[in-house]
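# Structure at a glance
This is what each chain is made of:
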Amino acid sequence: MADLKDSEIQASDIQAMANAIRFLALDSILRAGEGHQGVPLGMAEIAATLYARHLTIDPDNPLWPDRDRVVLSNGHGSMLLYALLHLAGFEKVPLDALKSFRRLGSVCAGHPEIEQDAGIEITTGLLGQGIACAVGMALAETRLAARFGTELVDHRTWAFVGDGCFQEGIGQEAISLAGHLQLGKLIFLWDDNHITDDGDISLAMSEDVPARFRTARWHVEEVDGHDIEAVSAAIDAAKDDPRPSLIACRTTIARGVPRLQGRRGGHSAPLTPKDADEARAAMGWTHAPFDVPDAIRAHWSKAMDRGRAAQRAWAARHDAHPQGADFDRWQSGALPVEWGQVAAILASDAADDARPTIASSGDVCDALTAHLPELQVLCADLEAPTDHKRGRNAFTAKDRSGTYVHCGVREHLMGAMVCGIAAHGGLRPVNVTYLAFADYERPAMRMAALMGLPGIFVFSHDSIGVGSNGPTHQPVEVLASYRAMANMHVFRPADAVETAEAWALALERKDGPSMLALSKQPALPVRGETDGENLSRLGAYLLAGPETDRDVTLLATGTEVALAVEASKRLGEHGLKVAVVSMPCWELFDTQEAGYRARILGSAPRIGIEAALSFGWERWLRPDDAFVGMTGYGASDKVEALYAHFGITPASIVETALVLCGRKSGAGALVG
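Summary of the structure given here. (Residues numbered from 1 in each chain as written. Predicted model: local features only at pLDDT ≥ 70, side-chain atom pairs only at ≥ 80, totals over all residues. Heavy atoms only, no water.)

### What to know about the sheet that holds strand 17 (residues 552-556)
Taking strand neighbours across the sheet as the criterion, the five strands line up as 16-18-17-19-20 in an open arrangement whose pairing is mixed. Taken across any chain shown, the strands that pair with only one partner, and hence form the sheet edges, are strand 16 (541-544) and strand 20 (626-630). Within the sheet, the average angular offset between the axes of one strand and its neighbour, ignoring direction, is 30 degrees. Note: strand 17 against strand 19 (residues 606-613), four bridges, orientation parallel. Residue Leu554 lies in a different strand from strand 19, and its bridge partner there is Ile607. Along the sheet, helix 25 (residues 650-660) makes contact with strand 17, strand 19 and strand 20, crossing strand 19 at roughly 145 degrees. (Pairing = 2+ DSSP bridges. Helix = DSSP H or I, 4+ residues; strand = E, 2+ residues; numbered from the N terminus. Axes fitted to C-alpha atoms, helices over the stretch in contact; angles between N-to-C directions. Contact = heavy atoms within 4.5 Å.)

Laid out in structure tokens, this is it:
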């Protein structure tokens, strides 16, 4: 038995605290008519022990930067988290919120949705994403502690975890990298109940899970999840160990409901009033629905005194800390006061020769090292071809100050780590890989968009310009799919200037993620001199040609903008008045006032030009307009040969424009 400190809450009182969790969850789910009771009823003792003796939070200051982070990775069991937050005293989770579980507008949504001032640190529900985000949070804590010292940063990341989190592939990626980096402030509390939605875990899983963690260099404890003292001792051991820790807690799913406990139906079978009555009788809980006695609430309040005292001590240290102002800026996500000048310089200093936009992005990232030390770059084993490391030191188990994380071939995890780092606060995460691998990161990027987190996703090799690596690495459909994702800003810059502008806009954004689709092949400069105005902020703008009185408008993105410029010159020789519009970010263009959009698009015939599928271009092209781009997957050959083969050339654009404008018949004969 663990030695009790004078101020520790007794195990018998923690059991009462656990039963308060159990019955608030049961009552809320019964009132809602649906929910997942297995987790809150099965993990009640684990959660109550964590909060009673170990967790450091202050419900009166829910955004305190040095609070412990709690992630409910098994997010379907959301009533566990909501009951905890209510009992802990978070103002935004009153009893009425529990009574409105799963109802429109309630903070107690079906799965946890990020609302940090209510204690909900991150959105979870897609199994595996939560623990991967927790790895990002733990990395953020470790890097910030190295920068500002433990006087300002010294907290832990805890994750409640279910079997599904370990079955998803992202789970193994999280286990592997966290162990490799020795993120010792990361602790998983595993609900080892041997039950899944389909039935016994043996239906689909038979490996030794704790052995997986031990092999990955984790500290592992195995305990009875309903034995409060055993759980507490295991947590003490985890806190004392320098490795990340797994506490495997053997539990009974839906514990307390005789009809369902230990059975498949314990996961989420509909509860009945009889179930509630029988549970109350079995657990000796004599209180009415949603009634928690004052004595039990007093235990919860006492448990929070630890965090309240820690927050007050931290505030005093912060006020006296020489780096307090810097810490506050990092934590707020605010850019430095000289940012406007920095952003203008980045654009004006952009290379004026033909250069891959991924290289231009590396130039910007490198230039930002001195101005934004809070950048944290993550890359998936592509240091050389993406070139975003340069002078950065690697974050390792021995060097916690590094600003570049070698994630290995773990894109699923890397995307989710961006969410965890951004949600934690203090760092600006930048994810770097190939665009063809963006679908590995789609669930995490969708979560970033859903949560409104300002992650930056940098993708190279954005088109058939990849060349002879072939169609597996030529993401012709990916741009359309991410443009369909709500709250995702998709940038496809034309040259070095637009790349610098896209970086500036992504860094200035605080309400959602941005992705940059960048070229492997050289991009010809199209902007030339800049006057300090970020034209990419408009989403689309007139690059060349008349604003009115046009014969045709060429709309293009990325490296195809240069093709449009060349085509416009040739069309001029045919006597046509041609406007060239660069469209680096459709989402920003869509936010401009209608009159501006109409002026840019014009009333003349339009041609969309992009080395990708046409899906989505109907937003800007009318039925009688034309598109020059891809109609299917790519092929293997040199870049020039592929562009010629697929008809994405100045000559093809000229041909299309002449037909569209009636200067040439579809059969190729000149008209008039």
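Now that the structure is up, let's keep going.
### With respect to the sheet that holds strand 10 (residues 404-406)
Taken together, the six strands give an open sheet; going across it, the order is 10-9-11-12-14-13, and neighbouring strands pair in parallel fashion. Every other strand in the sheet has two partners, leaving strand 10 and strand 13 (489-491) as the edge strands with one partner each. Pairwise comparison of adjacent strand axes, ignoring direction, gives a mean angle of 20 degrees for this sheet. Here strand 9 (residues 375-379) pairs with strand 10 via three bridges, running parallel. Each bridged residue has a counterpart across the sheet, and for Val377 the counterpart in strand 10 is Tyr404.

### Quick notes on the packing of helix 8 (residues 169-181) against helix 17 (residues 411-424)
Two elements in contact, helix 8 and helix 17, have axes separated by 8 Å at closest approach and are oriented at 75 degrees. By the angle between their axes, helix 8 is roughly perpendicular relative to helix 17. In this structure, helix 8 uses Ile170, Glu173, Ala174 and Leu177 to contact helix 17, whose residues at the interface are Glu411, His412, Leu413, Ala416 and Met417. Tallied by class, residues from the contact of helix 8 with helix 17 come to six nonpolar, one polar and two charged. (Parallel < 35°, antiparallel > 145°, perpendicular 65-115°, else oblique. Nonpolar A, V, L, I, M, F, W, Y, C, P; charged D, E, K, R; others polar.)

### A look at helix 14 (residues 339-348)
Within helix 14, burial applies to Trp339, Val342, Ala343, Leu346 and Ala347. Buried residues of helix 14, seen end-on, are gathered within an arc of 135 degrees and therefore sit on one face of the element. Those residues of helix 14 that are exposed and aimed more than 90 degrees away from the buried face are Gly340 and Gln341. (Buried < 20%, exposed > 50% of the residue type's maximum accessible area, 1.4 Å probe, protein only. Arc of directions from axis to C-beta.)

### Examining the pairing of strand 7 (residues 245-250)
Regular strands place their side chains on alternate faces of the sheet. Of all six residues making up strand 7, five are buried, and the element is well covered by its neighbours. Summarising the sheet, strand 3 (residues 186-192) and strand 7 pair through six bridges and their orientation is parallel. By the bridge assignment for strand 7, Leu189 is matched with Ile247. Here strand 6 (residues 219-224) runs beside strand 7; their pairing, made up of six bridges, is parallel. Across the sheet, Glu221 pairs through a bridge with Ile247, a residue of strand 7. As a crossover connection, the stretch from strand 6 through helix 10 (residues 228-240) into strand 7 is right-handed. (Right-handed = clockwise from strand over helix to strand, strands pointing away.)

### Remarks on the state of the cysteines
One pass over the full model with this rule turns up zero disulfides. Cysteine Cys249 is unpaired, with the sulfur of Cys165 as its nearest cysteine sulfur at 14 Å. (Disulfide = S-S within 2.5 Å.)

### Topic: the nonpolar core
Grouped together as the largest cluster of nonpolar side chains are 78 residues, with contacts concentrated most on Phe166, Leu183, Leu186, Phe188, Phe213, Trp218 and Met515. In terms of residue count, the dominant contributor to this core is helix 6 (residues 129-148) (12 residues). Leu183 has contacts with Val135, Ala138, Leu139, Thr142, Ala178, Arg243, Pro244, Phe395 and Arg400, leaving out every residue within four places of it along the chain. Core analysis: the next-biggest nonpolar cluster, separate from the first, contains 71 residues, Ile9, Ala47, Leu87 and Ala118 among them. (Core = buried A, V, L, I, M, F, W, Y, C linked by side-chain atoms within 4.5 Å.)

### A look at the packing of aromatic side chains
Each aromatic ring pair is characterised by the separation of its centres together with the angle its planes make. Following the criterion strictly, the structure yields 19 aromatic pairs and no others. Ring centres of Tyr434 and Phe437 lie 5.6 Å apart, and the angle between their planes is 25 degrees; on these two criteria the pair is classed as stacked. In this pair, the class of Tyr434 matches that of Phe437, namely buried. Taken together, the ring pairs in this structure connect Trp586, Phe589, Tyr596, Trp617, Trp620 and Phe627 into an aromatic cluster. The ring of Phe148 has Arg147 sitting right over it, with the charged end atom 4.7 Å from the ring centre. Sitting above the plane of the Tyr482 ring, Arg442 keeps its charged end 4.2 Å from the centroid. (Phe/Tyr/Trp six-rings, centres within 6.5 Å; stacked < 30°, edge-to-face > 60°. Lys NZ or Arg CZ within 6 Å of the ring centre and 35° of its normal.)

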